[in-house]
Structure formats: structure tokens, C-alpha cells
Amino acid sequence: MDNEVLKAIRERRSIRRYMPQQIKDDELRTILEAGTWAPTGHGTQDPIIIAVQDPEICAILRRLNAEALGNANVDPYYGAPTIILVFSKAENPNCVKDGSLVISNIMLAAHSIGLGSCWINRCKEMFATAEGRTMALRLGISEGYEGVGCVSVGYIAHAAPAPVPRKSDYYKII
């Protein structure tokens, strides 16, 4: 069985090198809207999606993430011109699950329209710092939300990596 969704799932890869030009507004809106269609526990729609394209704010996010990584000499977002942040209500027991589904939808949608993306870790750690909390408030994220994950997005600057074969015992039918 095959269709466009299954094909996108099989073909999407994490991209770690981007062209410097910014993605188009309609491309950004398309992938952000895809994120809003992710399922959430009990239909709460708790996650908040913040797309950052401002170079000054992107530079601060790059530094905060590199500090959380413990290596100030790297760009954790691989030069992507767009950084997407996903937050969810910390008190929600589905916080991480709901935010993760949003990120998955965003990455699949990006791939489906020819953009590259990569899940970037350390969002929770970035915004748990005093400077990160100040940045979250600047971005309009109120208290009670925690960072679930980040996504680098942009035009692909190199060929996507080849898929790794799936392990033979990945699933079982009983």
C-alpha cells in the first residue's frame, strides 16, 4: 500500500545544512498550519508554535542552545534561516507528547513542500534559564509553558542523507 503521506514519512530526513535565503511566507504558514492539526490529548490544543526569522533573535536562540549543549562554538540549528519553537503547558501530562506530534507534523509538511528540517533538542533547557525565560516572555510565552523542541527549517543545501535500513524486529504482530 502506498500514498503521498506514506511516501513522505519514508523519504523525510533530518537536514543539517541549509541555504542562507529565507523561506517564503506561504511555505512558513503551510508548515505552521500543519502543526496545528496535530492531535493533542483530550483535544486541548495546548502547544504554542513560535516561528522565528528575525536574525537578531535567531542569533540569541543559537547561543542559548549552544550553551545548553555545552559547546559555544557550534550552531545547533545548522545555519537554518527559520527556527521554530514548540512549547506546551508544563502541567499537562501530555505536554511532551502533544508538542512532539506538532513537531512531527511540521517536519513532514516541510518535507512535502521541498523544505528541509531537523528536530533540535534542548528547548526545555534553553528556556529554563533566566535569560531563556526572559526570551520566552519576549516571544509571548506566558509562565507555565515549557519548551518541548525546536525545528530548524530552510532550503536544503545538500542532498538528503540516504535512509538507514529499518531493523527487522522493529514491530511485531500478535
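Residues numbered from 1 in each chain as written. Predicted model: local features only at pLDDT ≥ 70, side-chain atom pairs only at ≥ 80, totals over all residues. Heavy atoms only, no water.

Q: In this structure, what is going on with the overall build of the chain? I would like to understand it.
A: A count of helical and extended segments in the chain gives six helices and four strands. Each helix and strand of the chain, ordered N terminal to C terminal, gives the series α-α-β-α-β-α-β-α-α-β. In summary, the chain has a C-alpha radius of gyration of 16 Å against a globular reference of 16 Å for 174 residues, a match within 12%. If one aligns the C-alpha atoms of the chain with their principal axes, the spans along those axes are about 50 × 40 × 35 Å. Sequence-distant contacts, at least 24 apart, represent 83% of the contacts inside the chain between residues at least 6 apart. (Helix = DSSP H or I, 4+ residues; strand = E, 2+ residues; numbered from the N terminus. Rg over C-alpha atoms; globule rule 2.2 N^0.38 Å. Contact = heavy atoms within 4.5 Å.)

Q: I keep staring at the sheet that holds strand β3 (residues 116-120) and nothing clicks. Help me out?
A: Sheet strands line up and pair through hydrogen bonds in the backbone, either parallel or antiparallel. An order of β1-β2-β4-β3 is seen for the four strands of this open sheet, with the pairing classed as antiparallel. Edge positions in the sheet fall to β1 (48-52) and β3, since each of these pairs with one other strand and no more. In this sheet, neighbouring strand axes are inclined to one another by 25° on average, regardless of whether the strands run parallel or antiparallel. Contacts from helix α2 (residues 25-36) reach β1, β2 (82-89) and β4 (145-154) within the one sheet, and its direction differs from that of β1 by about 165°. Here helix α4 (residues 95-112) sits on the sheet in contact with β1, β2, β3 and β4, set at roughly 10° to β4. (Pairing = 2+ DSSP bridges. Axes fitted to C-alpha atoms, helices over the stretch in contact; angles between N-to-C directions.)

Q: What's the story with the nonpolar core in this structure? I'm lost.
A: For soluble globular proteins, the rule of thumb is that nonpolar side chains tend to be buried together. Counting 25 residues, the largest nonpolar core has Val-52, Leu-61, Leu-85, Phe-127 and Leu-139 as its most contacted members. Elements represented by at least two residues in this core include exactly β1, α3 (55-69), β2, β3, α5 (123-128), α6 (130-138) and β4. Residue contributions to this core peak at five residues, all from α3. In this view, Phe-127 contacts Leu-61, Leu-85, Phe-87, Gly-132, Arg-133, Met-135, Ala-136 and Leu-139; residues no more than four positions away in its chain are not counted. (Core = buried A, V, L, I, M, F, W, Y, C linked by side-chain atoms within 4.5 Å. Buried < 20%, exposed > 50% of the residue type's maximum accessible area, 1.4 Å probe, protein only.)

Q: What is the right way to read a nonpolar patch on the surface from this model?
A: A surface patch of nonpolar side chains, about 250 Å² in accessible area, is lined by Val-5, Leu-6 and Ile-9. Of the residues examined, Val-5 reaches a relative accessible area of 55% and is grouped as exposed. (Patch = residues over 30% accessible without salt bridge, like charges linked within 9 Å, V, L, I, M, F, W, Y side chains within 5 Å. Areas by Shrake-Rupley, 256 points an atom, 1.4 Å probe, with all protein chains shown as cover. Salt bridge = Lys/Arg side-chain N within 4 Å of Asp/Glu carboxyl O.)

Q: Just checking my understanding: could you explain the pattern of salt bridges for this structure?
A: Where charged atoms of side chains with opposite charge meet at close range, the side chains can pair. With the rule as written, the count across this model stands at nine salt bridges. Linking Arg-138 and Glu-56 is a salt bridge whose minimum nitrogen-to-oxygen distance equals 3.5 Å. With Arg-138 in helix α6 and Glu-56 in helix α3, the pair connects residues that are 82 residues apart, well separated along the chain. Linked through salt bridges whose partners overlap, the residues forming this network are Arg-63, Glu-67 and Glu-131.

Q: How should the pairing of β3 be read in this particular structure?
A: Looking down a regular strand, the side chains alternate between one sheet face and the other. Counting buried positions along β3 yields four of five residues, so the element is predominantly enclosed. As judged from the five bridges shared by β3 and β4, these two strands associate in the antiparallel manner. From the neighbouring strand, Ser-117 faces β4, where its bridge partner is Val-153.

Q: Looking at this structure, I do not really get the environment of Val-151. What am I missing?
A: Within the secondary structure, Val-151 sits in strand β4. In the structure, Val-151 is positioned 91 residues away from Ile-60 in sequence and 15 Å away in space, judged by C-alpha atoms. Not counting residues up to four positions away in its chain, the partners in contact with Val-151 are Thr-82, Ile-83, Ile-84, Ile-103, Ile-106, Met-107, Ser-117 and Cys-118.

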